[in-house]
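Spelled out from the first residue to the last, the chains are:
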Amino acid sequence: MSGTEKTKSESQLSLINQNVFFKEFTFSNNDFKSNDNSEQELADNVVWLDEYCFIFQIKEMNQTSSNYENWFKNKVINKAVKQIKNTLHYFDVHDSIIIENERGHKMNVKAANEVKDIKKIIIYSANDDFPETLRYQKFYESSDAGNIHLFHIEDYFYICKYLITPTEIFEYLNFREDFLEFHKLAIHRVPEQYLLGHFFETLNIDHFNAKYIDNVQKYKKEEDFDISGLIENFKQAVISSTSSVDTHYYPIIKAITKLHRSELIEFKKRISVAMEKCEKFEFITPYKMYSERTDCAFVFIPIHSINF
């Protein structure tokens, strides 16, 4: 929405994505200058974290709308899909795409075009009596852009509530795409909660089990791997000798946000203990952890504040 105030749905999505993908990697002010210096706009929300790239288009139903099928076809399937395709085209043809992330740092996101598997997502907000037959539509299959995920904003919110790491969101979208290939028609006949419950139970997609939907209610969000508070204050906490003061901490944040929840639990344990030991004048052997999956090691060295 170039030059206009964000809709309620756009603001909601921006907040959701900031919590999952963090402000450093979330972009919602997406006007940019094209090669010919004209004003262009990427999708409503873009997330880019190295090998992960998600592009979002948002559609919000007017409360006075009554013909839901026409609205869904015109706004979600036609207009939003076209805007997704435009964003992919911009990635292809422009030499530079400078936009501002949610930290207020200007970044060139052109390199996101190198991501092998860009996730295309349309989020829509509809009235309370929006029919289930439309809400259950989970994909638009485009010959140009590939599979485009469709989410009611409430469903997307709950996915991000339970899958709070970028890696898990990416894996769930992969699972969703695999499910589509195996169950072309049936996937559009079940609620999103079923797919999420199936994902919690197994990645095996060759069957349905109605009991899997109960997994969403049984699932409890772990607080042991929630590092949002740590990330929020990381910029002030990191000391750097480089000149790029504003973004010098980004590589560290990237390495942390790519961890699985089990790895984040171990990360949080070590950093918490290290922080406790900082105020003691005793020599402490550094704490370490290594993620074989991301090939990244972390070292935690408690240092008393008097040394600063």
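In what follows, the structure referred to is the one given above.
To start, this report covers the structure provided alongside it. (Residues numbered from 1 in each chain as written. Predicted model: local features only at pLDDT ≥ 70, side-chain atom pairs only at ≥ 80, totals over all residues. Heavy atoms only, no water.)

Observations concerning the sheet that holds strand 5 (residues 52–60)
The 6 strands are arranged 1-4-5-8-10-9 in an open sheet whose pairing can be described as mixed. In this open sheet, the two edge strands, each paired with only one partner strand, are strand 1 (26–27) and strand 9 (139–142). The pairing of strand 8 (residues 119–125) with strand 10 (residues 146–152) spans 5 bridges and is classified as parallel. Of the residues in strand 10, the one forming a bridge with Tyr124 is His152. Along the sheet, helix 1 (residues 8–21) makes contact with strand 1, strand 4 (45–49), strand 5 and strand 8, crossing strand 5 at roughly 155°. (Pairing = 2+ DSSP bridges. Helix = DSSP H or I, 4+ residues; strand = E, 2+ residues; numbered from the N terminus. Contact = heavy atoms within 4.5 Å. Axes fitted to C-alpha atoms, helices over the stretch in contact; angles between N-to-C directions.)

Re unusual backbone geometry
The phi dihedral of Asn37 is positive, around 70°, even though this residue is not glycine. Inspection of the secondary structure assignment puts Asn37 in the loop between strand 2 (31–33) and strand 3 (39–41). Relative accessible area serves as the criterion here: at 55%, Asn37 is assigned to the exposed category. (Buried < 20%, exposed > 50% of the residue type's maximum accessible area, 1.4 Å probe, protein only.)

With respect to empty space enclosed by the protein
Counted under the stated rule, the structure contains 1 cavity of 30 Å³ or more. Taken as a whole, the largest cavity encloses approximately 50 Å³ of empty space. For the largest cavity, the full set of lining residues is Asp155, Tyr158, Ile159, Tyr162, Glu192, Gln193, Leu196 and Val216. Per-element accounting of the lining of the largest cavity gives the leading share, 4 residues, to helix 4 (residues 153–162). In terms of residue class, the lining of the largest cavity is made up of 5 nonpolar, 1 polar and 2 charged. (1 Å grid on protein atoms, 1.4 Å probe; cavity = no way out; pocket = protein on both sides within 12 Å on 5 of 7 lines; lining within 4 Å. Points joined across faces, edges and corners; volume = space filled by probe spheres on them. Nonpolar A, V, L, I, M, F, W, Y, C, P; charged D, E, K, R; others polar.)

Some points on the pattern of salt bridges
Inspection of every chain in the model, using the stated rule, returns 17 salt bridges. Between Arg135 and Glu154 there is a salt bridge, and its shortest N-O distance comes to 3.2 Å. Linking Arg135 in helix 3 (residues 132–135) with Glu154 in helix 4, this pair joins segments that are 19 residues apart in sequence. Owing to a relative accessible area of 42%, Glu154 belongs among the partly exposed residues under this scheme. The closest approach of N and O atoms between Glu181 and Lys184, which form a salt bridge, is 3.7 Å. On the accessibility criterion, Glu181 (48% relative accessible area) is partly exposed. What emerges from the salt-bridge pattern is a single network uniting Asp50, Glu51, Lys254 and Lys258. (Salt bridge = Lys/Arg side-chain N within 4 Å of Asp/Glu carboxyl O.)

A look at the nonpolar core
The biggest cluster of nonpolar side chains holds 53 residues, and the ones touching the most others in it are Phe54, Phe56, Ile123, Tyr156, Ile169 and Phe298. At 7 residues, the largest contribution of residues to this core is made by helix 5 (residues 166–182). Residue contacts for Ile123: discarding those within four places in its chain leaves Leu13, Phe56, Gln57, Ile58, Lys59, Phe151, Ile153 and Tyr156. Judged by nonpolar contacts, the second largest core, of 34 residues, contains Phe32, Tyr68, Ala80 and Ile97. (Core = buried A, V, L, I, M, F, W, Y, C linked by side-chain atoms within 4.5 Å.)

Observations regarding the packing of aromatic side chains
Applying the stated rule across the entire model yields 25 aromatic pairs. With centroids separated by 5.9 Å and ring planes inclined at 70°, the aromatic side chains of Phe25 and Tyr250 adopt a geometry described as edge-to-face. Separated by 225 residues along the polypeptide, Phe25 in the loop between helix 1 and strand 1 and Tyr250 in helix 10 (residues 250–257) bring together distant segments of the chain. Taken as a pair, Phe25 and Tyr250 share a single burial class, namely buried. Ring geometry for Tyr172 against Phe199: centres 5.2 Å apart, planes inclined by 80°, an arrangement best described as edge-to-face. Of the two residues, Tyr172 sits in helix 5 while Phe199 sits in helix 6 (residues 192–201), which places them 27 residues apart along the sequence. By relative accessible area, Tyr172 is classed as buried at 0%. One aromatic cluster is present, formed by Tyr172, Phe175, Phe179, Tyr194, Phe199, Phe208 and Tyr212 through successive ring pairs. Positioned above the aromatic ring of Phe151, the side-chain terminus of Arg176 is 3.9 Å from the ring centre. (Phe/Tyr/Trp six-rings, centres within 6.5 Å; stacked < 30°, edge-to-face > 60°. Lys NZ or Arg CZ within 6 Å of the ring centre and 35° of its normal.)

Read these as geometric descriptors, not functional statements.
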